[in-house]
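Descriptive structure summary
Letter by letter, the chains look like this.
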Amino acid sequence: MTEVATPRRSRITPEREAELYAAVLDLLREVGYDALTMDAVAARTRSSKATLYRQWGGKAELVARAIRHSKPDRGDEIDTGSLRGDLHALLRLEDDCTIEQNSALMRGIAMAMHNNPDLRQAFRTQLIDPELSGFHQVIRRAVDRGEVRPDCPALDFLLHMMVGGFATRALLDDQPPTQAFLTAYIDAVVLPALGVPVSS
């Protein structure tokens, strides 16, 4: 009787996974999404292309997961007791150098998403939906504390406002976003839109 081999997904250690993700981000910064190939990732990481496809299915999923892995966990541990404190604490998860690198990376990815529906879907699943979930949790706490009215019309645009602060800094001022800029932006734009008084 002949045995039929069943496909197995090999186990990649967390350390190896982190190494692969770092290499993907390096390549992404060097050549951009469209020019990045699975062959190049395989060569850079000394992996087989078959392994990469088995683990991640394709370039879009691999890139989205690499970006997600590079972002700090914005989990439940941030609860300062005020919306202003929570938003400022979220900013402090990344230093100015990391913010600048991520801002440049995200501009390139945003352009690539226009022509790549698979990247758009992977990006939504891996980054946008988790970010929205985190912001909704922060806002729910603020509403529960009575800081923000539950019917405040700006609530639906919180993430839009935050993304706008990142994106327009480079576009309008030709400078990278920094913690100082984004903190001032939150105090001058985001909190007033939500009806939250800003106190020092």
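Owing to the predicted nature of the structure, the values given are computational and were not obtained by experimental measurement. (Residues numbered from 1 in each chain as written. Predicted model: local features only at pLDDT ≥ 70, side-chain atom pairs only at ≥ 80, totals over all residues. Heavy atoms only, no water.)

With respect to the element layout, M161 can be found in helix α8 (residues 158-173). Separated by 29 residues in sequence, M161 and V190 place their C-alpha atoms 6.7 Å apart. Setting aside residues up to four positions removed in sequence, M161 forms contacts with A154, Y185, V190 and A193. (Helix = DSSP H or I, 4+ residues; strand = E, 2+ residues; numbered from the N terminus. Contact = heavy atoms within 4.5 Å.)

A positive phi angle, near 55 degrees, is found at R46, a position not held by glycine. Within the fold, R46 resides in the loop between α2 (38-45) and α3 (49-56). Of the residues examined, R46 reaches a relative accessible area of 66% and is grouped as exposed. (Buried < 20%, exposed > 50% of the residue type's maximum accessible area, 1.4 Å probe, protein only.)

Turning our attention to the environment of V41. Counting through the fold element by element, V41 comes out in helix α2. Here V41 falls in the buried class, since its relative accessible area comes to 1%. Sequence spacing of V41 and V24 is 17 residues, and the spatial spacing of their C-alpha atoms is 6.3 Å. In this view, V41 contacts V24, L27, L36, L52 and L62; residues no more than four positions away in its chain are not counted.

By the secondary structure assignment, D86 is in helix α5 (residues 83-91). In terms of polar contacts, D86 uses its side chain to reach the backbone amide nitrogen of T80, at 2.7 Å. Once residues lying within four places of it in the same chain are set aside, the contact partners of D86 are I78, D79, T80, G81, V138, R141 and R145. (Polar contact = N/O pair within 3.5 Å; in protein donor to acceptor, adjacent residues only side chain to side chain.)

Moving on to the nonpolar core. Counting 28 residues, the largest nonpolar core has L28, Y33, V63, I67, I109 and L119 as the members making the most contacts within it. Elements with a minimum of two residues in this core: α1 (14-31), α2, α3, α4 (59-70), α6 (96-113) and α7 (117-144). Aside from chain neighbours lying at most four places away, what touches V63 is V24, L28, Y33, I109 and L119. (Core = buried A, V, L, I, M, F, W, Y, C linked by side-chain atoms within 4.5 Å.)

What follows concerns the side chain of T45. Here T45 shows up in helix α2. In terms of polar contacts, T45 uses its side chain to reach the backbone carbonyl oxygen of V41, at 2.6 Å. Only 2.8 Å separates the side chain of T45 from the side chain of S47, close enough to count as a polar contact. Discounting chain neighbours no more than four positions away, the residues touching T45 are R16, L20 and A23.

A few words now on the packing of aromatic side chains. Under the definition given, this model contains two aromatic pairs. For the ring pair Y21 and W56, a centre distance of 5.8 Å and an interplane angle of 65 degrees mean the geometry is edge-to-face. Separated by 35 residues along the polypeptide, Y21 in helix α1 and W56 in helix α3 bring together distant segments of the chain. One exposure class covers both Y21 and W56, and it is buried. Relative to Y185, the ring of F181 has its centre 6.3 Å away and its plane inclined at 20 degrees; by these criteria the two rings are stacked. In this pair, F181 and Y185 both sit in helix α9 (residues 179-193), four residues apart, roughly one turn of the helix. We classify Y185 as buried; its relative accessible area is 18%. We note K59 situated over the ring of Y33; from NZ or CZ to the ring centre the distance is 4.2 Å. (Phe/Tyr/Trp six-rings, centres within 6.5 Å; stacked < 30°, edge-to-face > 60°. Lys NZ or Arg CZ within 6 Å of the ring centre and 35° of its normal.)

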